[in-house]
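Structural overview
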Amino acid sequence: MPKMLFCWEQGQGSGHILPFRDIILRLAEHDIKLVLAAQDVAIARSAVRSDRVRIIQAPFVRSPRREWVKGCATFNQVMLSLGYHNAISCRALLQCWIELIRSECPSIVVTDFAPSAVIASHVLGFEFARIGTGYTVPPCNERISTMKFASAVAIKRIESDEEKVNSRVSNALHELGFDAFPTLSQCYQKSSADILRTVQQFDHYSRRESGGHYVGAWSSSKQTRLPPTGEGPIRIFAYLKPFPNLRPFLQAIAQISSSFVVCADGIEDDDRRVDSSVPIKFVDDKVDLSSLSSAFDLVITNGNQNTTLHSVLSGVPVGVVSLHEEQAITGRIVKSLGIGTWVRSQSPECFDAFASELSRAVLQRQTTMDFSRSIAVPGDPVTTCVDILLSAIR
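Conventions adopted
Residues numbered from 1 in each chain as written. Predicted model: local features only at pLDDT ≥ 70, side-chain atom pairs only at ≥ 80, totals over all residues. Heavy atoms only, no water. Helix = DSSP H or I, 4+ residues; strand = E, 2+ residues; numbered from the N terminus. Contact = heavy atoms within 4.5 Å. Areas by Shrake-Rupley, 256 points an atom, 1.4 Å probe, with all protein chains shown as cover. Lys, Arg positive; Asp, Glu negative; His and termini not counted. Charge placed at Lys NZ, Arg CZ, Asp CG, Glu CD. Phe/Tyr/Trp six-rings, centres within 6.5 Å; stacked < 30°, edge-to-face > 60°. Buried < 20%, exposed > 50% of the residue type's maximum accessible area, 1.4 Å probe, protein only. Salt bridge = Lys/Arg side-chain N within 4 Å of Asp/Glu carboxyl O. 1 Å grid on protein atoms, 1.4 Å probe; cavity = no way out; pocket = protein on both sides within 12 Å on 5 of 7 lines; lining within 4 Å. Points joined across faces, edges and corners; volume = space filled by probe spheres on them. Pairing = 2+ DSSP bridges. Right-handed = clockwise from strand over helix to strand, strands pointing away. Axes fitted to C-alpha atoms, helices over the stretch in contact; angles between N-to-C directions. Parallel < 35°, antiparallel > 145°, perpendicular 65-115°, else oblique. Left-handed = near helix turned anticlockwise from the far one by under 90°. Nonpolar A, V, L, I, M, F, W, Y, C, P; charged D, E, K, R; others polar.

Here we take up the overall build of the protein. Looking only at helices and strands, one finds 15 helices and 13 strands in the protein. Principal-axis analysis of the C-alpha atoms places the extent of the protein at approximately 65 × 50 × 40 Å. Taking contacts inside the protein between residues at least 6 apart in sequence as the whole, the part at least 24 apart equals 65%. Of the roughly 16,500 Å² of accessible surface on the protein, 49% is carried by carbon and sulfur atoms. Across the protein, the centroid of the 41 positively charged side chains sits 1 Å from that of the 40 negatively charged ones.

Attention now moves to the packing of aromatic side chains. Applying the stated criterion across every chain, the model contains seven aromatic pairs. With centroids separated by 5.1 Å and ring planes inclined at 80°, the aromatic side chains of phenylalanine 6 and phenylalanine 20 adopt a geometry described as edge-to-face. Here phenylalanine 20 lies in helix H1 (residues 17-27) and phenylalanine 6 lies in strand E1 (residues 3-8), a separation of 14 residues in the sequence. Phenylalanine 20 gets classed as buried once you look at its relative accessible area, which sits at 0%. With centroids separated by 5.5 Å and ring planes inclined at 70°, the aromatic side chains of phenylalanine 243 and phenylalanine 249 adopt a geometry described as edge-to-face. Taken together through their ring pairs, the aromatic side chains of Phe243, Phe249, Phe351 and Phe354 make up a single cluster.

In this structure, phenylalanine 113 is a non-glycine residue whose phi angle is positive, near 50°. Within the element layout of this structure, phenylalanine 113 appears in the loop between strand E4 (108-112) and helix H5 (115-124). A positive phi angle is found at asparagine 245, which is not glycine, with a value near 65°. As for its placement among the helices and strands, asparagine 245 is situated in the loop between strand E8 (235-240) and helix H8 (246-254).

Next up on the list: the pattern of salt bridges. A side chain of one charge can pair with a side chain of the opposite charge if their charged atoms are brought near each other. Applying the stated criterion across every chain yields a total of 17 salt bridges. One salt bridge connects arginine 130 with aspartate 194, and the closest N-O pair in it is separated by 2.8 Å. Of this pair, arginine 130 sits in strand E5 (residues 128-132) while aspartate 194 sits in strand E6 (residues 193-196), and the two are 64 residues apart along the sequence. In this structure, arginine 157 engages aspartate 161 in a salt bridge whose closest nitrogen and oxygen atoms are separated by 3.5 Å. Here the residue arginine 157 and the residue aspartate 161 both occupy positions in helix H6 (residues 152-175), the gap between them amounting to four residues, near one helical turn. Assessed through its relative accessible area of 36%, arginine 157 is described here as partly exposed. For aspartate 161, a relative accessible area of 1% corresponds to the buried category.

On the secondary structure map, threonine 330 appears in helix H12 (residues 325-336). Of the residues examined, threonine 330 reaches a relative accessible area of 0% and is grouped as buried. When near neighbours in sequence (up to four residues on either side) are disregarded, threonine 330 contacts Phe202, His204, Gly303, Gln305 and Thr308.

According to the stated counting rule, one finds one cavity of 30 Å³ or more in the structure shown. Residue lining of the largest cavity: Phe75, Thr111, Phe113, Ala114, Pro115, Val118, Arg130, Ile131, Thr136, Val137, Pro138 and Tyr188, and that is the complete set. Breaking the lining of the largest cavity down by element, the ones donating at least two residues are H5 and E5.

For strand E9 (residues 259-264), the buried fraction is high: six of the six residues fall into the buried class. Sheet topology places E8 next to E9; six bridges connect them, and they run parallel. By the bridge assignment, arginine 235 is partnered in E9 with serine 259. For the handedness criterion, the β-α-β arrangement of E8, H8 and E9 is classed as right-handed.

Right, let's get into the sheet that holds strand E2 (residues 33-38). Neighbouring strands of a sheet are bound in pairs by backbone hydrogen bonds; such pairs are parallel or else antiparallel. The sheet built from seven strands is open, its strands ordered E3-E2-E1-E4-E5-E6-E7 with parallel pairing. Looking along the sheet, the strands with just one partner apiece sit at the ends: strand E3 (53-57) and strand E7 (213-214). With four bridges joining them, E4 and E5 adopt parallel strand pairing. Residue pairing in the sheet places aspartate 112 in a bridge with isoleucine 131 of E5. Running at roughly 170° to E1, H1 makes contact with E1, E2, E3, E4 and E5 of the sheet. Helix H4 (residues 87-104) rests against E1, E2, E3 and E4 of the sheet, and its axis sits at about 160° to E1.

Relative to E3, E2 runs parallel, the two being bridged by five bridges. Bridge pairing in E3 places alanine 38 opposite glutamine 57. With helix H2 (residues 41-47) bridging E2 and its parallel neighbour E3, the resulting β-α-β unit is right-handed.

Here we take up the packing of H4 against H6. When two helices pack together, their arrangement is given by the angle between their axes and by how far apart the axes lie. Two elements in contact, H4 and H6, have axes separated by 9 Å at closest approach and are oriented at 55°. One element, H4, and the other, H6, form an angle in the oblique class. Once H4 is placed against H6, the crossing between them reads as right-handed. On the side of H4, the interface is formed by Ala87, Cys90, Arg91, Leu94 and Ile98, while H6 contributes Arg168, Val169, Ala172, Leu173 and Glu175. Here the contact of H4 with H6 is built from residues that sort into seven nonpolar, no polar and three charged.

Checked against the element boundaries, histidine 30 lands in the loop between H1 and E2. Its relative accessible area of 34% is what places histidine 30 among the partly exposed residues. With 360 residues separating them along the chain, histidine 30 and leucine 390 place their C-alpha atoms 9.5 Å apart. Leave out the neighbours within four places in its chain, and histidine 30 touches Arg52, Val386 and Leu390.

Here is the structure:
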């Protein structure tokens, strides 16, 4: 019986585990052994409730914040914050992943933001496939691939950081008894399939020499319907994580809205006590985004790809208040396409100006609708992923 090993190493929140859940539960209908190596086994088990799926702990390391590269231009620079900041943690990560994959002996390894699992699969000779956003699935290009809107500072450091990560990986593998390792770009070229949970226009990279399967926005099951909204010219829906000065941010946005609904993913009660003339409706469950177009005039996100993409493909302009570099790139993409606006700072001094920009962004509805019509939306992403993975093990 074939076995699929799903690996989630890095990244937090539900953006990684929910797509895995939907794919795994669909694959459970087939005669396949299913194993999920998860960074957080509690989150994984609460999401994947099936006796057909064995869940194990995934090795992972988060580098100290002082080691992070600001304004990353390449995925190797991202990896410096994922345990590759020094030789010791790099070797430990790779050794643990090699031992895990060797002991499971899967027919294919399926990764979501699991760069160490990709490397381990490659050196052990196992088939592997990569799933994720453009940010977490770097291209298989021969030359170094830079992300869109890369900062000049990061670009100057590219060659140094590329060599730093590649040499650490190569040295660690040599100590573990493996032959000389090629560059990470050459490793990615061995991928059986790259499945991108986005559309090409929202890819964090401008160019992919070997393409990839763009499956569009992800629509997970078991989601709550959006609550009813009132009347008015600016009905706003926000899907936000907690961040500094969240309460004054919500207060500034409430002043321009006629109806304001917030999906409060981890937002504490204190941040919900907003003094505004427009009551804010807070919902705590994952919501069904299929009705965005008819219910709202504007959507605010932290720049997470799925909610942002759902909004745009529904023809609704987006306001992005980014918390991380990946989200900042998404915000810049939105602004450059003329389908919304973006702010990076979480300083209260910026909130009123951002609210004014949001008022103008509502007028970009037609541009957003035209953009959404120009996108060739694939079929059901779960079906597409399952078909690709099944074909890889046949």
